[in-house]
Amino acid sequence: MASPSALDPVVTERIGELLRAHGLRRMASRIAVLAMLEPVHGHLSVAEIDHRLHECLPTDDHPPDLATIYRTVTTLVEQGVLHALTLENGVTTYGLAADPHHHAVCTECGSIIEVPAGRLAAALEHAMAGSSFTLSESAGLTLHGLCPRCQALGDTGRSSR
Ligand SMILES: [Zn+2]
Ligand SMILES: [Zn+2]
């Protein structure tokens, strides 16, 4: 096992390919930001990306600063690698735009999990049939509920397990 420094080369390589597919240069900041988002299968705010970068990267690796992260996610949204989702509290979060998906937002902690669009295709059809709206998979639904972690916290609060 290599030292806990920097990023897994396999991850770096895969993200490099993703950037190349979008015609983007493999900048270290882009790779670092995407490496934080990739395992989440959900969305993170810039502050959360910053937090994770400092946890994952050794300081002598110079994790990108907040301004750089902002610039990076903005570019990646423009290029269609990421997409943005602004929550009701005004915080904008970013997630990979690869597969069509909807979002489930935790009402306790605000974490956002992606729900593959295919699983809600029937729901969208019913919603369209019952309204005059045209809804596309890419338009995205936002569902609200409790994430697994907050469900577990709620359970321990209620029971004496
Ligand atoms: Zn998303
Ligand atoms: Zn939660």
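Taking an unreviewed UniProt entry as the reference, the protein is identified by name as Transcriptional repressor belonging to Mycobacterium cookii. According to the UniProt record, the Sequence similarities (unreviewed entry) comment for the protein reads "Belongs to the Fur family."

A. Fine view of the pairing of strand β2 (residues 82-86). Sheet topology places β2 next to strand β3 (residues 92-96); five bridges connect them, and they run antiparallel. Bridge pairing in β3 links His83 to Gly95. Hairpin connection of β2 to β3: five residues between the antiparallel strands, including Gly90 at a positive phi of 90 degrees.

B. Main features of the packing of helix α2 (residues 28-37) against helix α3 (residues 46-56). The interhelical angle for the contact between α2 and α3, taken along N-to-C directions, is 100 degrees, at an axis separation of 10 Å. The angle between α2 and α3 falls in the class roughly perpendicular. Listed contacts from α3 to Ala32, Val33 and Met36 of α2 are Ile49, Arg52, Leu53 and Cys56. When the residues that make up the contact of α2 with α3 are grouped by side-chain class, the tally is six nonpolar, no polar and one charged.

C. Local environment of the pairing of strand β5 (residues 112-116). By the bridge criterion, two bridges tie strand β1 (residues 42-45) to β5 in an arrangement that is antiparallel. Residue pairing for β5: His43 is matched across the bridge by Ile112. Counting the residues that bridge the hairpin from strand β4 (residues 101-106) to β5 gives five residues, and of these Gly110 lies at a positive phi of roughly 80 degrees.

D. Layout of the domain arrangement of the protein. In terms of domain boundaries, the protein breaks down into domain 1 (1-97) and domain 2 (99-161). The centre of domain 1, based on its C-alpha atoms, is set 23 Å off from the matching centre of domain 2. In this assembly, seven residues from domain 1 lie in contact with seven residues from domain 2. Looking at the side of domain 1 that touches domain 2, the elements that each hand over two or more residues are β1 and β3. In the side of domain 1 that touches domain 2, the residues fall into two nonpolar, five polar and no charged.

What counts, and at which threshold
- Residues numbered from 1 in each chain as written.
- Chains lettered and ligands numbered in written order.
- Predicted model: local features only at pLDDT ≥ 70, side-chain atom pairs only at ≥ 80, totals over all residues.
- UniProt positions renumbered as here; feature names shortened; annotations may be inferred.
- Pairing = 2+ DSSP bridges.
- Helix = DSSP H or I, 4+ residues; strand = E, 2+ residues; numbered from the N terminus.
- Axes fitted to C-alpha atoms, helices over the stretch in contact; angles between N-to-C directions.
- Parallel < 35°, antiparallel > 145°, perpendicular 65-115°, else oblique.
- Contact = placed C-beta atoms within 7 Å.
- Nonpolar A, V, L, I, M, F, W, Y, C, P; charged D, E, K, R; others polar.
- Domains from an automatic or database assignment.

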